[in-house]
Structures are given as C-alpha cells and as structure tokens.
Amino acid sequence: MTTDMTRHGYRLAPLAVLMGVLLVPFCLLAQEELPAQHGSVELGARVVTGQVDGRPDLPFRPSLTDGKLNEYRDLRTGPFVRNLQANWDFSRTYFALRSHSSLYKDQSWLAQVGQLGRYKVQFRFDQTPHVFTNTARTLYQQSAPGAWTMDPATRTTLGGYYSAIGTATVPKLQTALANFNSVINPNAGIVDSSLIRKRGTADVSFNPTANWDLSFQFWRERETGLRPIGVSISGGSAEVPETVDYTTHNYGVQSEYGKHSWAVRLGYHANTFTNNVPFLAVDNPFVTKDATNATALGKLSLYPDNRYDSFEVAGATDLTSRVHVMTSVVPGWAAQNQPLMQYTTNTARPQQAWGQLPETRADAKVQTLAVNYTVTTKVRKDLQVKAAYRSYDRNNNTPIADFYPVVTDGAYAATQPASAIENTAFGYNRKTAELVATWFFSKKNSLKAGYNYERMDRSEREVSRTQESSLVTSLDLNPRKDLLVRVAYTHADRSGQAFAYASDDPNYAYSLLVDARRFDVAPRYRDRGDVMVQYSPTNALSLSGSFGTVQDNYNRRLGNELAAPNPFPGMGAFYNYGLLKNIGRNYTFDADYVLTSAVSVFGEYTREKYNTKMALLSNTTMLNGAPINAYANSNNDLVDTWSGGVDTDLTRRVAVTMFYSLSAAKGNILNSPINCTMSFDQCRALKGWSLDTAALPLVTMNYPETVTRLHQVTAQVKFNLTSSFVPKIEYIFEKFDNVDFQTGVMNPYTPSVQDSSNNSYLFLGADNPGYHAHILSVSLEYHF
Amino acid sequence: MPKFRTRIRISLALMVLLGLAQAALAEGDSKASAAASNAGAETLDRGLPSGDYVGSEACVTCHAEQASHFRNTVMGKIFANPRTPEEKLGCESCHGPGKAHVEAGGTKETIPVRFTKAANESADVRNAACLSCHEKGQRMFWKGSPHESRGLACVDCHQVMTERKVTLSELNRFKAPITDVEALRADEPELCLSCHTMRRAQLQRSSHMPFREGKVTCSSCHNPHGSPNPKQLIQASANDNCYSCHAERRGPFLWEHPPVMENCLNCHDAHGSTNPQLLKIREPRLCNQCHLNSGHPSNPYGIVTSAGVVQTQGIRVINRGCSNCHSTLHGSNHPSGNHFRR
C-alpha cells in the first residue's frame, strides 16, 4: 500500500522533471533577451456528490467516484488545476508549458522548447485511467503478482456444497446457490478493478534546411492495475482480477526531404512490449487437491512479450505537370519468443512421453509488408483520375508443430490421442486496386465514379480466397453559396470459394448438412449510401441533415445451400446458416441559430438503427431431412442521441452556456424456432431430454432488453472581471442508467452459477450500475 | 508468390524507377528554374512577371489590422525571418501578386487568391497556395485523398488570419487533447464532428474510448490530409493502428484467432458502441456469427422449465458470455490454448 505522501510525491514527480528539463534551455535563452511572456492558469475547487442507484439489491453501496462516472477521468471533491498554459516567446525561440487536469489521475503535460523553422524539442506526459467496475468483489487474495489464492478452508466448504449437488436438479442447484452465497457475501472483499496508463514521450524535430526534416521520437508507457478475466479450471472455474503490468517502449527516427515537385521520406520504428506478469495462477475455488477429474490450480497464459520493427520508405513526385505519383513501402517484423507453459497443471495426471512439448518456446514470427502506389492525373483541367494499387501482406513464419492440447485438465488422456493438433499460424495477403475519375463540372461541383477491386488470400481459413468488386459514385453539389449537398453510393459484390471446414472445426458437422458460412469470408453484397445536406439560408442560421445506410446481404444461393429454403421470420427465405443480413441506418439533424450577437442556440438529433439476422443451429439432429433445432436470431439496436444548448454573452463581461445531451440506447436479441412444427414436449421426447435439462434448443426465448441512457446537463458561467481574472462557475448533472441482463442478474452478490453441465463458476460480479452525480466547481482563470 | 525479400526489392526498385522517371521528366523544368535563379529573380515563377509583386509593405498600408494579427501567428513569426523565396514574398506568398489589386484601388475581386467563405476560388486554387510550402510531412498523400477529391480546402479546417471564435459550449462538450497544433478553426474532435455528425452520436455511447475525456481524438488514428492506408489510417492496417496503444494484442501467438488478427473491426466498433468492450453485437451472438454450433443456447438462461420459467443463469450467456471461458480469444500462447481458454 502506498502512503498518501508517496502517492502525492509520485504525482508531483512528472511535473518536477518537466520543469527541470525545461528550465535549462529557458535559463540559457534568458541570457539573450527579455521574452514576451504570457499564459494562463485555472485553479479551483470541486464538489462531487451523488450516488450509485442502479443496483439497490447489492449488499453494499458501490463508490460513485470509483465507477463508471470516472471511467476515463478523475473527478473528485477537492482543489484542482484544470488548465495551465505558459508561453515565453523570444524573437524566434519559444518555450511553452501546458497542462490539463494537473496532478490528477487523468493529467496531461506538454512542454516545448524550439526555434521556429529550425528545431523543436517536446516532452509529453499523459495519464489515462480506465475504471472497469465498482462492484467487483472476490474471495481471492493476490499472494504474488499474478497468483490468486483462496483460503483452503473456504475452498473446502465451497467444494462440499458443490459435491452435494450430485445429479443436478433445479431445487438442488438453488440450494447450492444459496449455500455458496452464504460464504461469499460476508467474506468477499472489494476489488479496485481499474487500470492506469502513464506515458512519457520525447520528440525532437530538426530542420537542417527548409527542405529537410529530421525527427526522433521515444515514448515509454507503463500500464498497471487489475481487470476482470475468466479462468477455466477443471472442476470449477473462476473470474478473477487479471494482474496487468505492461511496459511498452517505442523508438522512431524519420527523415524527409522535399521540394515543390517531389518529396521522399525514410523512417524506422521499433516497438517493444513487455508483460511483467506473463501468466495467472488461480486456485480452484471448489477443489483443494489434484484429482483425475479436477485440478486444484488453474494457469492462464497472458499476452506474451513481443517486438515489432518497421521501416518506411515513402515518396511523392510530379512526373509531369499533370501526373503525380505517390508511393510507400513499409516492411515490418513482429516476433515473440515466450517460453511455453506445460499442457496441464494437474499433478494427478502423470506426464506422458507423447505429452512432451514439441517446442520450449513459441518462436512466433510474422513479416508484414505494405506497398502502395498511387497515381493522380489531371487528364483535363476539370477531370482528375486516380489509380491506386495496394498490397498488404501478413506473412506468418511461426513454426508449425504438433501439440496435444488439454481441453479440461481432468480429461488429460492417459493414452496418446489419435491425432495431434497443429498450432495456427494465420497469414493473409490483401491486394486492392482502385480506379476513380472525378469530374469537376464547375468550380465547386464534382461527380466521382470509380471501381475498386480487392483480393484476399488467407491461410488457416476455410475459404482461402475471396474477391470483391465495388462500384463507387459520389456527387458533391454546391449550387449556391448557402447550400451543399453530398451524395455517395457504393455497391460491392464479394465472392469466394466454397467453405472447406477442417474436421476439427465445430462447424464441420453442420457444413455436411447445410451451408454454414462465416461472415468475414462469406459471399456478400454490400450497399452503402450517404446523403448530407448543409443549408445556411442566412448568416445566422445553419441547418444540416444526413442519412446513411450500410446493408450487407449474406443470404446468397451458392453451392451447398439448403435444398428447400427455410422461412426466416420477418425476412423471407434463407439459403444458408450463419449471418444473413446486417443492416445499419442512421439519420442526423443539426441546427445552429445565432439569435442575436449575444445569443446562439444549437440542437442536434441522431437516430441509429442496427439489425442483424442470423440462422443458427443447436445441434445436428435431423428430422425428415431438416434440422429440427434451428432458430432464427434477430439483434436490434436502437440509439437516439439528443443535444441542445445555448451560448450567451449577457454582457461583455459575463458569458453563459447551458447544454444538455442524452444518449439513449436499447438492444433486443430476439430468438424464434425455425422449421419445427412439433410442440416442446414432442421435441423433448424425441431427444430424450429430462424436464429441466438446460438450454433446450426449442425453448427459444427473447433475451431481456438492454438499456443504457446517459443524461448530461452542463451550465457554465464565465465572468470576465478583468483581462487577467476570469472566475467561472460550472455545474454538471450526470445520470446514467444501465439495464443489462448479463451483469444485472448477479443477485445475490457474486454468485456461483450452475448449469446443465454442472459447471460451477465463481464470478466477480462486475457490473456498471446506474448513478446520478452532481459536480459543482468554482474556478479562477488568471491570465498573465 | 515471391518471397518477402524479393517483394521488398521489387517495391523499392519500382520506387527508384519512379524517381529516375521524375528526374528525367523534370530535367527541362530544372533548367528553366536554374536560369531564373541565375538571373537573380527574387520572386516565384508563377507565370507572372516579377513586377506584379508589390511587397508586404504595400499591403500593410491598408490591411494593418490583419497584418498585426498575422505577425503573432506561427506563420507570421516564421515569415519575419524568411528562409525560402516563398516566405520572402510575405502576404503575396499566399494571396498572389498584388499589383492588379493595388492599381484597382483595393477591390476584393482583384486579389488573386482569397480564402474567405465568400471567395469564389476553387478549393484547388486555394489549396495550391498552402501546399506550395506545406506539401511534405502529413500532406505527402493529399492528392487523390478523400478530402481532396471531394473539394475540401485547407481553410475549411485551418485558419491563419482571423481570431478563432469558439463558443463556451464548443470548449466544454468534448474535451480536446493537449496539443501544440494551432490555427485550427475548432479543437478536435469538434472540428471533425462538424461534418461527421454521426460520429458525435457514436462518441456519446456508453461503451467508448476516451474521446470525450480528451485522451484520444480523431487524428490519433486518422490522417485527414490523406494516407496510403484504408480510411486514411495512420498505420498500415486497422490492426496496426490498434496495436499502437494495445501492443499486447499484436502477438504473434501460438494459436491465432484469424478474424482477430485480420481486423479488430470485425468485432469492435472503434467509435463507440452500446455493447460492452466496444463490441458490435453483444456476446454470445457476436461469436454466433461464425460459430453456429451447440452449447450456445437459444435462450438467455441455463435452466428453463417447459413452462418457460427461468430457474438459473447459464454461464455461456451471463456476464461476458463466451469469453467467460474463452478469455484469450485475441490469441493464446498456451500449448493447450487452441480453444482460447488458457
């Protein structure tokens, strides 16, 4: 635990370093001439009050300031320095210091010293907090970084409750649940589930001549904290806080030389990532000793250390007065060589000779190569043609080896499995070509039409090649100075080879029956349209509106489609399983009106609608040649965003702003059976399911609706007392509502959940409950 | 398919060829400009006699207010100690030669290049003035870029000669990252959102990156001046862009999840989402788009009676759905991690 003093000192450290670094050149330069000095500082005090009201069922009241309110910021009661800005300008040399949220968790600092047109030295320091939840609690303790242990007596008690379930029935499961919670609720401790990033950057740029730029960059980032993660352990899984301790270094050097008709750039960048906690070791919450069907300790491999190096060669030139060529070549090398862990931690399963790892380290290597060539030409004064070719290659050179992975530690085979599994070294190559002509049929009006082609070649996929052709058009009209209309439309057609699932792919069984496709490599039509209109009938009023849509259609008859298409509720026939349609639409409307020279108002409204339709299967059972357990799934998201406000200059000395925004979203996941006319009981009898067997495919229930709403009201009054003193009063009201069936059902707190496969799982109970907050701040801006 | 090194060599050879072609084609132009230089011409060759330039002193006699403001800008300070012929021209470097304007007594129409909203010049003409000095750096791929080809002018986003007028609400709605970039009409992201209105709504969604809080902004990922990459991204691919902050997800891993390594945007919406973790669709349905198989129930709960009564929650749906167990789905380095459970 850090003391308040050390914490305070840590916050001050970057400031002290920055000031020290910057004072050196400042002192040197100050010998030369008296600088023009100006800047401002805003100091104040803030009161944050309110409460978390979204989860009254919890046995404790979550902290307001350690939750969603401060997801990426640090609003707390107390004094603050909101902004700091200081500039010292010599005749050509300058020195500047800027800061936001000084000394808080979300602080940023920027310091510069430079000579205009000659050099610039810049130091940055940024902190970004990320709070995941304020409701996480756990019975675990972190005994060492990444090692989460639980008191053996508690595990024995929980394990006893688990064993008592025996053959699962609903009453038995409910009893177990109550028993688990009788242990968990009084004993679980609150987890500070948040991360913080701290990045320090140094940039040096230098212009030896007006045509030549040289720059160097270095940054170092440390990211530390805890965030929820699930760990699969045979005999009982657990969600625990993942110990995050990352260090990333970045180095870059770049040189660019250019004249009017040409420029060339060379660069080198290196990025190294180090995970100081490369794995998690987590006690099984229900098992204290390894056994042949369960393991007492679970281990999870976290992100490995890696390194990426890249070069950049780029150039642009006028080949003739009408032809301009641009090109870039960026080769890169990514690698990681982390030591591999063992297949299982289960000591009750003796290591078999065939179970030796084929490699001790990953030795994973990837080469990337991005190549771009673009030619633009003015065929005529009013006609521009652009031709571009691009290739991006991810060439995976990771050695392929035979592994015998363990799905559950308790099932670690005593005899050698029939076949080994090769690791997946995924690679791809994307080639795109583009030919576009733009006709500027008058000074501010243009029509664009073109063709795009894309070819993707992939390894380790069930479709090795896809090709996509697109026709693109757009029209930009500026018929009058007060009117701008932009219209764009694209139609794309992606085709691909037949799906060839590997025999160990879970979709393999379905693909033998019907056409089961994965959306990212499946044939697809895409239609995209956008319209935007901006109209300013007077200098005081501006209006704008837009409509946009992207519509993907995967429901295409190709190859192994269903012999007789099934009816999809609300859509019509479908020919394959998987994602069928993905449709997004959005409408926006903005208005700004300057009522008088002192008062202006604005209003905005956006509606977004998203819908995906999928045909899914729960297993391969057939009846009369058709799947009996298919179900249709429709996901609907609707988001309305409102904003409105007023800005006033009541007098020359008082400025007031008030604005309100609301982002309201709701989501529905709708499920309905397909192609089964049998009753529930008939299906159950056919399958031999017992009454309360879980996840009966034909029990298609809609998921509960999810809702998020964020209201924000802000009022700010700024008094220009003098040119130097500007007091401000600001009030913010924020209300967040969150109805989420996935996290909101965790009641009572931190449940252990049983399902039909009798899996027990200890959750953290991480949720983002709704809150309301009042934030009042009073500050003084001092300009010097 | 040629090997990696061969492809680099071919690509670089093509670049060299282009350079040679440029040198050959530009030879005539070079000779002409050398001749002009030898003649001691102080002004730019813009097809106009050098006598058409009147000098900044002439401009200041009428435009003292603008000149006073300009002197305090970064450009003004650089122009005070000019390094290039363009900078020596002062006002006329951007506005063109002023002789006709002076002789006409100062009518607006006689200014060769104007930058105000009311100006009649095309974006191309106005941009040419800026690009005569600012063609390098981030503008290297400006020509043919989406903003260029749709008629945007530099001054639609940047301003030099006028005081920036920003309302209190613009300053407070979205916090802008700390930056040394000056002369923008408004801070990012407000500047970009004035046209990309739908993004404003997306940034206000419950699941978002720290845009509103001023830690990330549009230009953290995109170069609005054009780039050789899709969607004007700064890095060579969408994933490379994401790895610049999330380097841990770069791998390469022993077990890779192909859609993840190919494009983060297959599952995430970087501009904001109503689902957790910026997901496009909530789990388990996100995963169901590819994984149609059993074990991912058609109802939201684990145990449901025939009467449809919910008894307990299923671990495949609640909390984070599939990733409760498949928690390393960005890639696993565990020898038993082929199902992304370790």
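Whatever comes next refers back to the structure up there.
1. With respect to the sheet that holds strand β14 (residues 279–283) of chain A
All names here are of chain A. In spatial order, the strands read β7-β8-β14-β15; together these four strands make up an open sheet with mixed pairing. A strand with exactly one partner marks an edge of an open sheet, and here the two such strands are β7 (141–144) and β15 (297–301). Strand-to-strand twist across the sheet, computed as the mean angle between neighbouring axes with direction ignored, equals 25°. Taken together, the two bridges between strand β8 (residues 147–149) and β14 define a ladder with parallel strand orientation. Opposite Trp148, over in β14, you have Val282 as the bridge partner.

2. Description of the interface of chain A and chain B
The interface is formed by 227 residues belonging to chain A together with 144 residues belonging to chain B. At the boundary of chain A with chain B, total buried surface from both sides reaches about 15,300 Å², with 55% on carbon and sulfur atoms. Of all residues in chain A, Tyr72(A), Tyr303(A) and Gln742(A) bury the most surface against chain B, accounting for 5% of the area lost on that side. Across the chain A-chain B interface, the total number found is 13 salt bridges. The shortest N-O distance in the salt bridge between Lys378(A) and Asp124(B) comes to 3.0 Å. Remark: the boundary between chain A and chain B carries 66 residue pairs in polar contact (both at pLDDT 80 or more).

3. Regarding the packing of aromatic side chains
Residue and element names in this part refer to chain A. Per the counting criterion, the structure on display carries 24 aromatic pairs over all chains. For the ring pair Tyr246 and Phe273, a centre distance of 4.9 Å and an interplane angle of 70° mean the geometry is edge-to-face. Placement of Tyr246 in strand β12 (residues 237–258) and of Phe273 in strand β13 (residues 262–275) is noted, with a sequence separation of 27 residues between them. Ring pairs connect the aromatic residues Tyr161, Tyr162, Phe180 and Phe286, which therefore count as one cluster. Here the basic side chain of Arg46 rests over the ring of Phe80, its NZ or CZ set 4.4 Å away from the ring centre.

4. Focus: the pattern of salt bridges
Enumeration according to the criterion identifies 54 salt bridges over all chains in this entry. Ionic pairing is found between Arg394(A) and Glu256(B), a salt bridge with its closest N-O pair at 3.0 Å. Taken together, the residues span two chains, with Arg394(A) in strand β19 (residues 383–396) and Glu256(B) in the loop between α15 (238–243) and α16 (258–262). Summarising the burial analysis for this pair, Arg394(A) and Glu256(B) share the class buried. Within this structure, Glu42(A), Arg82(A), Lys728(A), Glu730(A) and Glu781(A) form a network of salt bridges that share partners.

5. Let's talk about the nonpolar core
Residue and element names in this part refer to chain A. The biggest cluster of nonpolar side chains holds 31 residues, and the ones touching the most others in it are Tyr140, Val240, Leu280 and Val282. Going through the elements one at a time, α2 (152–163), α3 (170–187), β11 (212–231), β12 and β14 are the ones with two or more residues in this core. It is α3 that provides the largest number of residues to this core, a total of five residues.

6. Considerations on helix α4 (residues 64–71) of chain B
Helical geometry note: an α-helix holds 3.6 residues per turn, so side chains three or four residues apart project in the same direction. Residue and element names in this part refer to chain B. When we look at burial in α4, the residues that qualify are Ala67, His69 and Phe70. Each buried residue of α4 sits inside an arc of 165° when the element is viewed along its axis, so together they form one side. Seen from the buried face of α4, the exposed residues on the opposite side, beyond 90 degrees, are Glu65 and Arg71. Where α4 is buried, its residues meet α3 (56–62) and α5 (74–80).

Conventions used here
Residues numbered from 1 in each chain as written. Chains lettered and ligands numbered in written order. Predicted model: local features only at pLDDT ≥ 70, side-chain atom pairs only at ≥ 80, totals over all residues. Heavy atoms only, no water. Pairing = 2+ DSSP bridges. Helix = DSSP H or I, 4+ residues; strand = E, 2+ residues; numbered from the N terminus. Axes fitted to C-alpha atoms, helices over the stretch in contact; angles between N-to-C directions. Contact = heavy atoms within 4.5 Å. Buried area = accessible area lost by both parts, 1.4 Å probe. Salt bridge = Lys/Arg side-chain N within 4 Å of Asp/Glu carboxyl O. Polar contact = N/O pair within 3.5 Å; in protein donor to acceptor, adjacent residues only side chain to side chain. Phe/Tyr/Trp six-rings, centres within 6.5 Å; stacked < 30°, edge-to-face > 60°. Lys NZ or Arg CZ within 6 Å of the ring centre and 35° of its normal. Buried < 20%, exposed > 50% of the residue type's maximum accessible area, 1.4 Å probe, protein only. Core = buried A, V, L, I, M, F, W, Y, C linked by side-chain atoms within 4.5 Å. Arc of directions from axis to C-beta.

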